[in-house]
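So you can see what is in the structure, the chains are spelled out below.
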Amino acid sequence: MVSKKLFVVLVAVFITYSQVYAKEISGVTMPDTVMAGQTKLILNGAGIRTKFFMNMYVGGLYLLQKSNDALKVIEADEPMAIRLHIVSSMITSERMETATREGFENATNNNSAPIKTQIERFITVFKDKIQENDTYDFINVPGKGVEIYKNGKLNTSIEGVSFKQALFGIWLCDKPAQKSLKEEMLGK
């Protein structure tokens, strides 16, 4: 009888652990937390970006507390992050630049002109060759801006709440990079 109870407890702990901690998608383990400055963020949700039935990257959204409200996440100027983990050698600098520009247009309802300078700075992050297993972290740190990391190394920081809103909107706006990825990032 005791062993049955122990088994039930262990199963409950395992289920809880697997739901609270890191998530594996397409062979990529997304960490359960990332840091935004001195603030620990938790994985809200993660999913895979596909194109023509091929996996391109795993994307994860990190927040202070879980939320499935895309507009609230986009508009908030609080610590949060998006991580992209490249899983395809088909992603090139040119393709990522094209997709990102299109994403900014969609996120701003074709009104990206007010943040053109910030977008151009952001695009430079993709100028270096992109390889499988590269990671990109876009971390919003209020008062500093969005810090952009490639493979854990700070590349640049871009100020402006409007830029942050448009950047996060690429994945969370009404016309996201991929609807299913948006839903997964929002934990739906």
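Residues numbered from 1 in each chain as written. Predicted model: local features only at pLDDT ≥ 70, side-chain atom pairs only at ≥ 80, totals over all residues. Heavy atoms only, no water.

Moving on, we come to the layout of surface pockets. The computed volume of the largest pocket comes to approximately 560 Å³. Lining the largest pocket are 25 residues, with R49, K51, M56, R95 and A99 sitting closest to its centre. Those elements that place two or more of their residues in the lining of the largest pocket are strand 4 (39–51), strand 5 (54–63), helix 3 (93–107) and helix 5 (161–172). At 9 residues, helix 3 tops the list of elements feeding residues into the lining of the largest pocket. Along the lines of polarity and charge, the residues of the lining of the largest pocket split into 15 nonpolar, 5 polar and 5 charged. Roughly 230 Å³ of internal volume is contained in the second largest pocket. As for the second largest pocket, its lining consists of 14 residues, and the residues nearest its centre are L71, I74, A107, C173 and D174. Mapped onto the lining of the second largest pocket, the elements with two or more residues apiece are helix 2 (70–75), helix 3 and helix 5. For the lining of the second largest pocket, the element with the most residues is helix 2, which contributes 4 residues. (1 Å grid on protein atoms, 1.4 Å probe; cavity = no way out; pocket = protein on both sides within 12 Å on 5 of 7 lines; lining within 4 Å. Points joined across faces, edges and corners; volume = space filled by probe spheres on them. Helix = DSSP H or I, 4+ residues; strand = E, 2+ residues; numbered from the N terminus. Nonpolar A, V, L, I, M, F, W, Y, C, P; charged D, E, K, R; others polar.)

The next subject is the nonpolar core. One finds L61, F104, F122, F138, L167 and W171 to be the most contacted residues of the largest nonpolar core, which totals 38 residues. Those residues in contact with F138, other than ones at most four positions away along the chain, are M80, A81, I82, L84, F122, F126, V146, E147, I148, L167, F168 and W171. Of all hydrophobic cores here, the second largest spans 16 residues; its members include L43, I48, I139 and Y149. (Core = buried A, V, L, I, M, F, W, Y, C linked by side-chain atoms within 4.5 Å. Buried < 20%, exposed > 50% of the residue type's maximum accessible area, 1.4 Å probe, protein only. Contact = heavy atoms within 4.5 Å.)

Below, the discussion takes up the pairing of strand 9 (residues 153–158). The side chains of a regular strand alternate between both faces of the sheet. Direction of pairing for strand 8 (residues 145–150) relative to strand 9: antiparallel, over a ladder of 5 bridges. By the bridge assignment, E147 is partnered in strand 9 with S157. If you look at the hairpin formed by strand 8 and strand 9, you'll find 2 residues sitting between the two strands, and N151 has a positive phi there, around 50°. (Pairing = 2+ DSSP bridges.)

To continue, consider helix 4 (residues 116–123). Those residues of helix 4 that sit buried are I119, F122 and I123. What you see down the axis of helix 4 is that its buried residues fit within an arc of 100°, all on one side. Next to the buried residues of helix 4 lie helix 3, strand 7 (135–141), strand 8, strand 9 and helix 5. (Arc of directions from axis to C-beta.)

Here we come to helix 5. Turn by turn, an α-helix covers 3.6 residues, leaving residues three or four places apart pointing in a common direction. Taking 1.5 Å of rise per residue, 12 residues should cover 16 Å, and helix 5 covers 16 Å from first to last C-alpha, within 8% of that figure. Within helix 5, 9 of the 12 residues are buried, leaving the element largely enclosed by the surrounding structure. Listed as buried for helix 5 are F163, K164, A166, L167, F168, G169, I170, W171 and L172. (Expected span 1.5 Å × (residues − 1).)

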